[in-house]
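As a plain string of letters, each chain reads:
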Amino acid sequence: MSPALAAFLRPSPFALKFATKGVLAMALALYAAFFFDLDRPYWALISAAFLQTRPMSGMVVEKGICQVTGTFVGTCVAVVIMGCFAQVPELALGSVTLWIGLCIYGASLTHNNLSYGCVMAAVACMIIVVLTSSAPDDFFSVALARLSELSLGALCAVVVSALVWPIRVRDHLGQLSDTAVNATFRYMALAFSMPLEAGRAVNRDTDGQSQGQQRERMAMLEQMMTGLDALNNLEIDAHSARYEGPQGKGRIRGVHLLTRRSMRLYATLKALHQLRHPEFFVPSQSDDGEAMAPTGELNQTQGQEAERFSQPTQDLMQRLGAAFQSMADNQGTAQARKTLKELRGECLRLSRGQRSITALEARLLFSLREVLGHALVILQAREVINHPGRHQLRQPSMSWHRDHGRAAIDALRAMAIFSATAIFWLATAWDNGAVAMLLGTLFSGIFVSRGDPAPIIPMVLKGLLLAVPSVLLFGNVMLSHAQHFVPFVIIFSVPLFIGLLGAVVPALAGIALPFVVFNILLVMPDNGMTFDVAYTLNRSLAAGIGLIVTIIGFRLIPVPGAGWDKRQLIRATASDIRELAERSTERLDSWFGGRMGDRLLRLARHEQTRSREQEARRSGENASGLPDEVQQQVVGMPLLTLGLTGMDIGRGIGFVRRELGNDVPRPVLHALRELIHALADDYQRCARGESPTRMRAAGDRLCEVIEQHRTMSRHKQALLAGWLTRVQLTLQSDALRQQRS
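Residues numbered from 1 in each chain as written. Predicted model: local features only at pLDDT ≥ 70, side-chain atom pairs only at ≥ 80, totals over all residues. Heavy atoms only, no water.

Caption draft 1: Region of the structure containing the overall build of the chain. Counting secondary structure elements, the chain contains 29 helices and 0 strands. For the chain, the share of sequence-separated contacts (at least 6 apart) that also reach a separation of at least 24 residues comes to 82%. (Helix = DSSP H or I, 4+ residues; strand = E, 2+ residues; numbered from the N terminus. Contact = heavy atoms within 4.5 Å.)

Set out below in structure tokens:
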């Protein structure tokens with residue numbers, strides 16, 4: 001049985017509870033709206049329906065607050081607009097257009113439910129101005145009615161969410177944190193368990209990679225993407241925990257700590273694994289099977305560096321792999337902490353006990369201690385998320401990456417869509433033209449948080465097409481025979497219940513949720529409703545026009561793709577790297593790590609989209625009969641690894657600045673600034689697929705000046721030299737990978 005049929009014929013217990021809660025919330029909102037004799041009760045229904053899409057108690061409360069606040073702000077703006085332009089509808093609509101652009105701009109820059117609040121501010125203002133443009137005397141009553149209806153729907157959704165089969169955000173965060181930590185530990189186990197000999201064997205293999213190595217690579221990529229996806233959902237959903245008791249803020253701080261340390265750990269692991277296994281990140285052959293000379297030179301150079309690792313160090317990394325695999329298999333937290341502390345002490349003893357250790361191996365052992373330290377903090381963060389009362393933690397929130405260019409494009413598109421529907425409404429004087437304006441504004445705002453909404457909008461149109469026969473049957477034929485509220489609600493709830501059952505399945509959610517909304521919009525239940533088929537079809541036509549205009553708007557002004565985001569994120573990262581030369585050392589790591597966290601999550605989302613596109617492309621190639629080696633070849637994660645490299649560079653600069661201290665001689669400070677700017681420039685060069693040119697000379701100069709002024713111990717100088725060598729190799733490898741991608 002297909003998943004689509006199973007969703008309706010064999011629904012899961014969660015789907016039944018979800019649909020039942022949604023129907024109860026909407027029925028309660030409808031009854032209250034009828035009881036208070038509100039003008040348009042269906043707005044209370046729509047309000048309750050939107051809030052039930054994520055039925056966890058804290059999320060419903062937060063979204064309800066944002067919805068009511070946004071509606072209130074939009075109502076106040078509508079008061080100002082109508083007070084100034086009540087007699088000139090064209091100027092009033094022009095002002096609404098500017099307000100919609102401002103709201104969508106804010107929605108594009110904000111996150112979580114704040115974005116939804118901005119969209120509701122735009123929708124509320126538009127509805128009030130449009131409905132009262134022909135009757136300005138009714139303005140205040142209409143504004144008060146809209147605010148009352150939406151607030152009533154939000155209140156009913158909150159009550160049902162809290163009392164009927166309550167789902168807590170804290171349980172959701174606990175599950176996500178377990179997923180993130182276990183996936184990270186499995187990735188670490190795979191990374192450390194892969195022996196160096198396998199890497200050298202790949203360099204000598206002129207026929208391609210073995211299937212076993214390919215499976216290891218795919219397993220590592222899968223675990224990394226699983227962990228990053230869980231971290232992304234944690235950051236999105238964590239803020240709702242504040243509405244579930246006084247311990248909610250502690251859980252939010254635990255999430256921020258888990259995300260930051262996981263990102264640092266992934267950055268360090270990527271650099272270490274890239275150093276030990278360059279073939280993992282840069283395949284040694286081109287797609288046509290011919291050897292790539294630059295890649296071979298890089299593999300030879302990194303292979304020579306890898307041979308400097310002593311046998312005790314290699315054995316230690318094998319032990320690390322086994323230990324992290326045991327931790328991922330649900331080993332107890334106390335035992336995991338004990339194991340990590342023992343391994344960290346062994347790393348320290350090994351680094352101090354070997355006299356002939358190279359600078360690169362010294363840096364490797366130092367990085368291993370960092371990895372183990374991050375793992376200890378990750379375990380503590382998971383404990384804070386699950387049991388915040390047992391721990392006292394101070395952790396600032398992450399800084400969000402704000403793409404003002406993309407926000408301006410989103411605002412321009414929303415203004416164009418509203419302007420087109422408004423001109424159509426003014427030119428035709430069609431009463432239902434307001435429906436087209438509403439849907440154009442609503443969906444152009446909701447989709448700003450989507451990476452690529454183009455495939456979703458046609459699904460919304462399918463939801464409308466499916467809702468029309470449902471409305472004709474249930475809303476016009478069957479509801480006309482309902483004489484009391486109870487049979488009315490039972491009949492009206494049947495299509496809503498069916499739609500909510502399908503909304504649980506991700507593949508059907510884009511159709512099922514619009515199906516529910518359009519059933520409400522086309523039926524429009526109120527105290528004086530009429531059962532007119534012609535009016536229903538008329539309103540359906542207006543809804544279709546609004547969706548078609550929205551589709552055309554997204555086609556003509558498309559969402560910037562991964563290339564745009566890559567350039568913006570790389571430029572912002574390079575700018576932050578340069579700023580590391582000027583900021584104080586006390587909060588250097590927290591500032592840079594907080595700004596990089598959201599960027600890495602964004603790059604991970606783009607990588608997931610890119611991976612799905614590559615899988616689809618490889619499926620097509622498989623059908624064409626290409627060789628298996630070409631079909632299964634994986635180039636890696638060019639977007640995400642660039643972000644991880646930027647994180648690693650920032651962490652290394654922080655280490656150097658802390659070791660030098662505040663009282664730094666002027667020549668050393670000047671050489672350090674030159675190195676930081678050289679690293680930022682070379683980072684941007686490698687993002688364009690060009691080899692680094694400046695950092696080697698700048699790094700050598702800094703080492704010479706430090707040795708002259710004796711501002712670092714010999715051991716720290718060896719760590720600095722090893723880090724510079726590692727970064728040089730990493731940038732060369734990333735540059736080659738960008739050429740391949």
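Caption draft 2: Quick look at the layout of surface pockets. Approximately 790 Å³ is the volume attributed to the second largest pocket. Lining the second largest pocket we find 36 residues, and of these Arg 40, Leu 131, Asp 431, Tyr 535 and Arg 539 sit closest to its centre. Contributions of two or more residues to the lining of the second largest pocket are made by helix H3 (41-51), helix H6 (112-132), helix H17 (404-428), helix H18 (433-446), helix H19 (456-478), helix H21 (506-523) and helix H22 (533-556). Here the lining of the second largest pocket gets 4 residues from one element, more than from any other, and that element is H6. (1 Å grid on protein atoms, 1.4 Å probe; cavity = no way out; pocket = protein on both sides within 12 Å on 5 of 7 lines; lining within 4 Å. Points joined across faces, edges and corners; volume = space filled by probe spheres on them.)

Caption draft 3: The arrangement of the packing of aromatic side chains in detail. Tallied over the full model, the rule gives 16 aromatic pairs. Put simply, the rings of Tyr 31, Phe 34, Phe 35, Phe 36, Phe 485, Phe 488 and Phe 492 touch in pairs and so form one group of aromatic residues. (Phe/Tyr/Trp six-rings, centres within 6.5 Å; stacked < 30°, edge-to-face > 60°.)

Caption draft 4: Focus on unusual backbone geometry. With a phi close to 50 degrees, Met 524 is a non-glycine residue in the positive phi region. Tracing the sequence through the fold places Met 524 in the loop between H21 and H22. Assessed through its relative accessible area of 11%, Met 524 is described here as buried. (Buried < 20%, exposed > 50% of the residue type's maximum accessible area, 1.4 Å probe, protein only.)

Caption draft 5: Seen up close, the pattern of salt bridges. Within this structure, the stated rule accounts for 16 salt bridges. Between Arg 40 and Asp 39 there is a salt bridge, with its nearest N and O atoms 2.9 Å apart. Shared partners join several salt bridges into a network, and the residues in it are Asp 39, Arg 40, Arg 146 and Glu 149. (Salt bridge = Lys/Arg side-chain N within 4 Å of Asp/Glu carboxyl O.)

Caption draft 6: Quick peek at helix H20 (residues 485-503). Between its first and last C-alpha atoms H20 spans 26 Å; for 19 residues at 1.5 Å apiece the expected length is 27 Å, and the two agree. Along H20, the largest kink reaches about 35 degrees and is centred on Ser 493; proline Pro 495 follows within four residues of it. Buried residues along H20 sit in contact with helix H1 (3-9), helix H2 (13-35), H3, H19 and H21. (Expected span 1.5 Å × (residues − 1). Bend = angle between axes of the 7 residues up to and from the residue.)

Caption draft 7: Expanded view of the environment of Ser 134. Following the sequence through the fold, Ser 134 ends up in the loop between H6 and helix H7 (139-163). By relative accessible area, which is 67% here, Ser 134 ends up exposed. Remark: the alpha-carbon pair of Ser 134 and Pro 89, spanning 45 residues in sequence, is separated by 8.3 Å.

Caption draft 8: Seen up close, the confidence of the model for the chain. Confidence in the prediction of the chain, expressed as mean pLDDT, is 80, and 84% of residues score 70 or more. Every residue in residues 197-209 is under pLDDT 50, and counting partners more than four places away or in other chains gives 19 contacts. Below a pLDDT of 50 lies the segment residues 301-306, which in the model reaches 11 contacts outside its immediate sequence neighbourhood of four places, other chains included. (pLDDT = per-residue confidence, 0-100.)

Caption draft 9: View of the environment of Ala 420. Mapped onto the elements, Ala 420 comes out in helix H17. On the basis of relative accessibility, which here comes to 37%, the residue Ala 420 falls in the partly exposed class. Residues Ala 420 and Thr 550, spaced 130 residues apart in sequence, show a C-alpha to C-alpha distance of 9.7 Å.

Caption draft 10: Molecular detail of the packing of helix H5 (residues 89-109) against H17. Remark: H5 packs on H17, axes separated minimally by 8 Å, with the N-to-C direction vectors making an angle of 150 degrees. Considering their axes alone, H5 and H17 lie roughly antiparallel with respect to each other. Where H5 crosses over H17, the handedness of that crossing is right-handed. The class makeup of the residues in the contact of H5 with H17 is 16 nonpolar, 5 polar and 3 charged. (Axes fitted to C-alpha atoms, helices over the stretch in contact; angles between N-to-C directions. Parallel < 35°, antiparallel > 145°, perpendicular 65-115°, else oblique. Left-handed = near helix turned anticlockwise from the far one by under 90°. Nonpolar A, V, L, I, M, F, W, Y, C, P; charged D, E, K, R; others polar.)

Caption draft 11: Highlighting the nonpolar core. Judged by nonpolar contacts, the single largest core of 107 residues is most densely connected at Phe 185, Phe 192, Leu 231, Phe 324, Leu 368 and Tyr 683. With 14 residues, helix H16 (residues 359-386) is the largest single contributor of residues to this core. Contacts of Tyr 683, omitting those with residues within four sequence positions, involve Ile 570, Thr 573, Ala 574, Ile 577, Leu 642, Gly 643, Thr 645, Gly 646, Ile 649 and Leu 731. Grouped together as the second largest cluster of nonpolar side chains are 105 residues, Val 130, Ala 157, Leu 438 and Met 524 included. (Core = buried A, V, L, I, M, F, W, Y, C linked by side-chain atoms within 4.5 Å.)

Caption draft 12: Structural view of a nonpolar patch on the surface. Side chains of Leu 5, Phe 8, Leu 9, Val 494 and Ile 498 sit close together on the surface and give an oily, nonpolar patch of about 440 Å² of accessible area. Those elements that place two or more of their residues in the nonpolar patch are H1 and H20. The residue Leu 9 is located in helix H1 in this model. (Patch = residues over 30% accessible without salt bridge, like charges linked within 9 Å, V, L, I, M, F, W, Y side chains within 5 Å. Areas by Shrake-Rupley, 256 points an atom, 1.4 Å probe, with all protein chains shown as cover.)

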